[in-house]
Amino acid sequence: MKGIHFIEKLKKHSVPGKWGRWASCGMLVAAGLAIKSCIEPFSPPEVTNPGTYLVVDGFLNVDGDTSRFILSNTQGVNDGSEFQREWGARLTVDAEGGENYELQERGQGVYVLPPTALSRDDKYRLRITRADGREYESAYVVVSKTPPIDSVTHRVDARRNAMMIYVNTHDASNQTRFYRWSFEETYEYRMPYYSSLTRDFKEKTIVSRTDNINVCWRTLPSRDIKLGSTIKLSQDIIRDVPVNLVDINTNKLYFGYSILVKQYGLTREAFEYWTDLAKTTQGTGSLFDPQPSQVTGNIRAKADAKELVFGYFSAAQEQKQRIFIREALGSYPRCMPPDTLDFEQAFNSNAVLLYFYMGQPKSGYLGTSESCADCRSQGGTTTKPEFWDQ
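These numbers come from a predicted model, not from an experiment.

Conventions used here
- Here the residue numbers are simple positions, counted from 1 along each chain's written sequence.
- With pLDDT at 70 or above as the cut-off, local features in this predicted model cover only qualifying residues; side-chain atom pairs require 80 or more to be listed or tallied, and sums for whole chains, interfaces and linings still use all residues.
- Side-chain numbers here rest on the full set of heavy atoms in the structure, without hydrogens or water.
- Helix numbers and strand numbers start at the N terminus; a helix is a DSSP run of H or I with at least 4 residues, a strand a run of E with at least 2.
- The classification of residues rests on relative accessible area computed with a 1.4 Å probe and restricted to protein chains. Under 20% of the type maximum is buried, over 50% is exposed, and intermediate values are partly exposed.
- For accessible areas, the Shrake-Rupley method is used with a probe of radius 1.4 Å. Any residue's cover is judged against the shown protein chains and nothing else.
- For two strands to count as paired, DSSP must find a minimum of two bridges between them.
- Residues scored as positive are Lys and Arg, those scored as negative are Asp and Glu, and His as well as the terminal groups of each chain are ignored.
- Counted as salt bridges are all cases of a side-chain nitrogen of Lys or Arg within 4 Å of a carboxyl oxygen of Asp or Glu.
- We call two residues contacting when some pair of their heavy atoms lies within 4.5 Å.
- Pairing of aromatic rings covers Phe, Tyr and Trp, the last counted by its six-membered ring, and requires centre-to-centre distances within 6.5 Å; plane angles under 30 degrees mean stacked, over 60 mean edge-to-face, and any other angle means tilted.
- A positively charged side chain is recorded as over a ring if its NZ (Lys) or CZ (Arg) lies within 6 Å of the ring centre. The angle to the ring normal must also be within 35 degrees.
- Disulfides are defined as cysteine sulfur pairs within 2.5 Å.
- In this analysis, the protein atoms alone were mapped onto a 1 Å grid. Cavities are point sets where a 1.4 Å probe fits without being able to get out; pockets are open sets with protein on both sides within 12 Å along at least five of seven lines; lining residues have an atom within 4 Å of a point.
- Grid points are joined across faces, edges and corners, and a volume is the space filled by probe spheres set on the points.
- When residues are grouped by polarity, Ala, Val, Leu, Ile, Met, Phe, Trp, Tyr, Cys and Pro land in nonpolar, Asp, Glu, Lys and Arg in charged, and all others, Gly among them, in polar.
- Only the contacting stretch of a helix is used when fitting its axis, a line to C-alpha atoms as for every element, and angles between N-to-C directions run 0 to 180 degrees.
- Helix span, as expected, comes to 1.5 Å for every residue beyond the first.

Student: Help me get a handle on the overall build of the protein chain, residues and values and all.
Tutor: Counting secondary structure elements, the protein chain contains six helices and 27 strands. By the burial criterion, 43% of the 390 residues in the protein chain qualify as buried. Split by element, the accessible area of the protein chain, about 22,500 Å² in all, is 51% carbon and sulfur.

This is how it looks when you write it as structure tokens:
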């Protein structure tokens, strides 16, 4: 509004004619420069010099499967480095009834509780002692009951050129109401060229390859937070909630795709925590990525109640369902033609060797890049998952 009033004053005091128009323009330009000069970068201390705080990610699985927790530390919004894992901590789960369960450290900030028979009617809390002696503990939480998944379905969304994955569930007792989903997607992929040769550096020769590096499988966890609620509905029924979108152009669906959907019931407090967390992380990546705001949970530092701790400890039943999609969607990957190499070039280069050819006037080897012949270069493994042929 002030800008509009300022322009109106310029009109009233401008000189008629050509020079008047130039004078008005000059004043407007000057005004623009003055306005622009008022814009200064805002760098609050929370962004430029943030503290480092504990992040706890995981939940207690009471259905006899492994419980897994990851401890890490926060980092600044502008910090592009990988998040720092928390080593050497001691984690214990206490049942309100008196039992204690100590977790095992597996390295890289990962702590697990092996499959343990836990009562669904008890309450539990998490206690953490860091390597420097600082102690943290959560509130006692009830076990959230989780109904089975009714179905996981899929269909192509032509507008998005993607395969949409949906989940369906219901609770006939109308008691769950709050849900969270995660998933693991596994896909098979193959290289455009098959490598039948490799180097024997001990014998300084080229020999037949005994392993197959043409076919790989890769498993990726979900990163987005998927939530659902039926609190405003008369029945506790979830229908066609999208849990994943698979871009057809990624070729994940060309050779074979599988997704394992995991479902958790939540308390209202846990649902509110995950909702707030989703608002701050969906634009940046995941729980471990730089956090643009403070979303704390039910874990507190024992010595200093004001110390920030990020994460929410919950106990729940986990329900799973896996589906396979084999519709050959996408396209077979392509690469440039391989290079022709003599023995010295083949043995001393970084090329992946395909095969030896007999030709005129000379014979040689064909080689190409890792990205065209070694599936391991794209993050996968040549070990077929046990569930793949189910």
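Student: Pulling in residues and values, what's your account of the pairing of strand β15 (residues 197-200)?
Tutor: Note that β15 and strand β16 (residues 205-208) share four bridges and pair antiparallel. Bridge assignment links R199 to a residue of β16, and that residue is I206. Here β15 folds back onto β16 in antiparallel fashion, the turn holding four residues, of which K204 has a positive phi close to 55°.

Student: Hey, could you go over the side chain of D171 for me, with residue numbers and the actual values?
Tutor: Structurally, D171 can be placed in the loop between β13 (162-170) and β14 (178-190). For the buried residue D171, which engages in no salt bridge, the nearest side chain bearing the opposite charge is R177, 7.3 Å off. The residues contacting D171, other than those within four sequence positions of it, are P147, T176, Y179 and D236.

Student: I'd like a description of the packing of aromatic side chains, backed by residues and values.
Tutor: If you walk through the whole model with that rule in mind, you get 19 aromatic pairs. Judged by centre distance (5.8 Å) and plane angle (5°), the ring pair of Y179 and W181 falls under stacked. Through successive ring pairs, a cluster of aromatic residues spans F201, F343, F347, F356 and Y365. It is R180 that lies over the ring of W274; its NZ or CZ is 4.3 Å from the centre. Here the guanidinium or amino end of R322 rests over the ring plane of F387, the centre of that ring lying 3.5 Å away.

Student: Explain the state of the cysteines residue by residue, including any values.
Tutor: Per the stated rule, a full pass over the model turns up two disulfides. There is a disulfide in this structure between C216 and C375, and the S-S distance comes to 2.0 Å. For the disulfide bridge between C216 and C375, the dihedral angle about the S-S bond is near 60°, and by the sign convention the bridge is right-handed. Here C216, found in strand β17 (residues 215-221), pairs with C375, found in the segment after α6 (370-373); they are 159 residues apart in sequence, far enough to count as distant. Judged by relative accessible area, C216 falls into the buried class, the value being 0%. For C335, the disulfide goes to C372, at an S-S distance of 2.0 Å. Since a negative S-S torsion denotes a left-handed disulfide, the C335-C372 link at about -95° is left-handed. Linking C335 in the loop between β24 (318-325) and β25 (339-341) with C372 in helix α6, this pair joins segments that are 37 residues apart in sequence. Relative accessible area serves as the criterion here: at 8%, C372 is assigned to the buried category.

Student: Go over the environment of A131, please, and point to the residues and values.
Tutor: With respect to the helices and strands, A131 occurs in the loop between β9 (123-129) and β10 (135-138). The class for A131 is exposed, based on a relative accessible area of 61%. Separated by 42 residues in sequence, A131 and A89 place their C-alpha atoms 5.1 Å apart. Once residues within four sequence positions are removed from consideration, A131 is found in contact with W87, G88 and A89.

Student: Run through empty space enclosed by the protein, naming residues and quoting values.
Tutor: By the definition in use, this model includes two cavities of 30 Å³ or more. Size it by volume and the largest cavity reaches roughly 50 Å³. Lining the largest cavity we find F59, S144, R180, Y264, G265, L266, S314, A315 and A316. Per-class residue counts for the lining of the largest cavity are five nonpolar, three polar and one charged.

Student: Provide a residue-level description of the sheet that holds β13, including the pertinent values.
Tutor: Ordered in space as β12-β13-β19, the three strands form an open sheet in which the pairing is antiparallel. Of all the strands in the sheet, just β12 (149-157) and β19 (237-247) have a single pairing partner and so form its edges. For this sheet, the mean angle separating the axes of adjacent strands, direction not counted, is 25°.

Student: Which residues make up helix α4 (residues 268-281), and what values go with them?
Tutor: In a regular helix each residue adds 1.5 Å, so 14 residues correspond to 20 Å; α4 covers 20 Å between its end C-alpha atoms and thus fits that length. Within the span of α4, buried status applies to A270, F271, Y273, W274, L277, A278, T280 and T281. Looking at the buried side of α4, the elements it contacts are β1 (54-58), β14 and β18 (226-229).

Student: Help me get a handle on the pairing of strand β3 (residues 67-73), residues and values and all.
Tutor: For β3, the tally of buried residues reaches six of seven residues, placing the bulk of the element in the interior. In this sheet, strand β8 (residues 110-113) lies alongside β3 in antiparallel orientation, the contact comprising four bridges. In the sheet register, R68 faces β8, and the bridge partner there is V112.

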